[in-house]
Amino acid sequence: MDAEAERRRGRHVCVVDADGFSALLRGRPAPCLELRRARAGSVRPVAAATPEAGVLGGPLRLRRTGGRAPGDLTLDLSRLDEATAAHEATVGALIEHLSRQGVEACTNAAGAPEFDAGWSLGEDIFVAEVKSLTGAREDQQIRLGIGQILDYAHQLRSACPSTVIHPVLVMERRPSAARWAALADGVGLRLTWAPEFSGI
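What you see is a predicted model; the values in this text were computed from it and never measured.

Regarding helix α4 (residues 138-159)
With 22 residues, α4 extends 32 Å between its outermost C-alpha atoms, agreeing within 8% with the 32 Å of an ideal straight helix rising 1.5 Å per residue. Of the positions making up α4, those classed as buried are Glu138, Asp139, Gln141, Ile142, Gly145, Ile146, Gln148, Ile149, Tyr152, Ala153, Leu156 and Ala159.

Focus: the nonpolar core
Counting 23 residues, the largest nonpolar core has Val55 and Val127 as the members making the most contacts within it. Counting only elements with at least two residues in this core, the list comes to β4 (124-131), α4, β5 (165-171), α5 (179-186) and β6 (190-193). With seven residues, α4 is the largest single contributor of residues to this core. Every residue in contact with Val127, bar those within four places of it in the chain, is listed here: Val55, Phe115, Ala117, Gly118, Ile149, Leu156, Ile165, His166, Pro167 and Val168. In this structure, Val103, Ala117, Val130 and Ile200 belong to the second largest nonpolar core, which totals 16 residues.

Remarks on the packing of aromatic side chains
With the rule as written, the count across this model stands at one aromatic pair. Ring centres of Trp119 and Phe126 lie 5.7 Å apart, and the angle between their planes is 0 degrees; on these two criteria the pair is classed as stacked. Residue classification places Phe126 among the buried positions, given a relative accessible area of 6%. The lysine or arginine in question, Arg179, covers the ring of Trp180, its NZ or CZ lying 4.0 Å from the ring centre.

Examining the pattern of salt bridges
This model, assessed by the stated rule, comprises five salt bridges. Residue Arg63 pairs with Glu88 through a salt bridge whose shortest N-O separation is 2.7 Å. Of this pair, Arg63 sits in the loop between β1 (56-59) and α3 (77-100) while Glu88 sits in helix α3, and the two are 25 residues apart along the sequence. Judged by its relative accessible area of 30%, Arg63 falls in the partly exposed class. We classify Glu88 as buried; its relative accessible area is 7%. Between Arg137 and Asp139 there is a salt bridge, and its shortest N-O distance comes to 2.9 Å. Bridged by salt links that share partners, the residues Arg137, Asp139 and Arg143 form one connected network.

Cut-offs and rules
- Residues numbered from 1 in each chain as written.
- Predicted model: local features only at pLDDT ≥ 70, side-chain atom pairs only at ≥ 80, totals over all residues.
- Heavy atoms only, no water.
- Helix = DSSP H or I, 4+ residues; strand = E, 2+ residues; numbered from the N terminus.
- Expected span 1.5 Å × (residues − 1).
- Buried < 20%, exposed > 50% of the residue type's maximum accessible area, 1.4 Å probe, protein only.
- Core = buried A, V, L, I, M, F, W, Y, C linked by side-chain atoms within 4.5 Å.
- Contact = heavy atoms within 4.5 Å.
- Phe/Tyr/Trp six-rings, centres within 6.5 Å; stacked < 30°, edge-to-face > 60°.
- Lys NZ or Arg CZ within 6 Å of the ring centre and 35° of its normal.
- Salt bridge = Lys/Arg side-chain N within 4 Å of Asp/Glu carboxyl O.

Here is the structure:
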């Protein structure tokens with residue numbers, strides 16, 4: 001879709017990035033991106049987390065799932081609700097697992113990438129993307145999660161070069177293919193799943 005052409009026709013178009021789309025799927029608001037014509041040789045820098053802003057936000061809280069207002073966007077809502085419930089159940093289990101170790105799970109700080117959970121051990125910071133495998137193709141979900149968390153970690157390392165950032169992919173259950181563990185090791189990613197969350 002040519003968003004600018006649609007706007008010229010009088011249609012409201014809101015363009016969001018991958019984080020914005022992910023936020024919309026979770027029922028969170030997402031800002032529309034400003035569309036600008038690129039000038040030759042100019043690139044607008046992307047805002048990133050700063051060391052002052054930190055990486056971790058406030059305590060992570062579970063959201064209620066399944067409630068929708070009349071007129072909400074209709075997708076395959078039953079499958080979406082199942083996947084969202086599985087995602088939140090995994091987040092809840094992760095919060096409990098970390099809490100038993102005396103570690104508080106946190107949200108992202110303002111301006112930081114929207115990872116699902118983060119925590120600190122000493123001066124090291126761990127950022128996690130949580131992926132449910134319910135109602136979706138397992139390989140697609142895992143590939144998506146790997147890409148997201150490596151991107152988040154790269155952004156944070158660029159913004160906070162003196163901070164050690166550990167990316168973690170958390171899944172609701174053990175993946176059926178053993179190859180994902182080797183892939184994770186090869187790219188410096190921790191791979192874990194409920195309910196044991198081994199390695200974290």
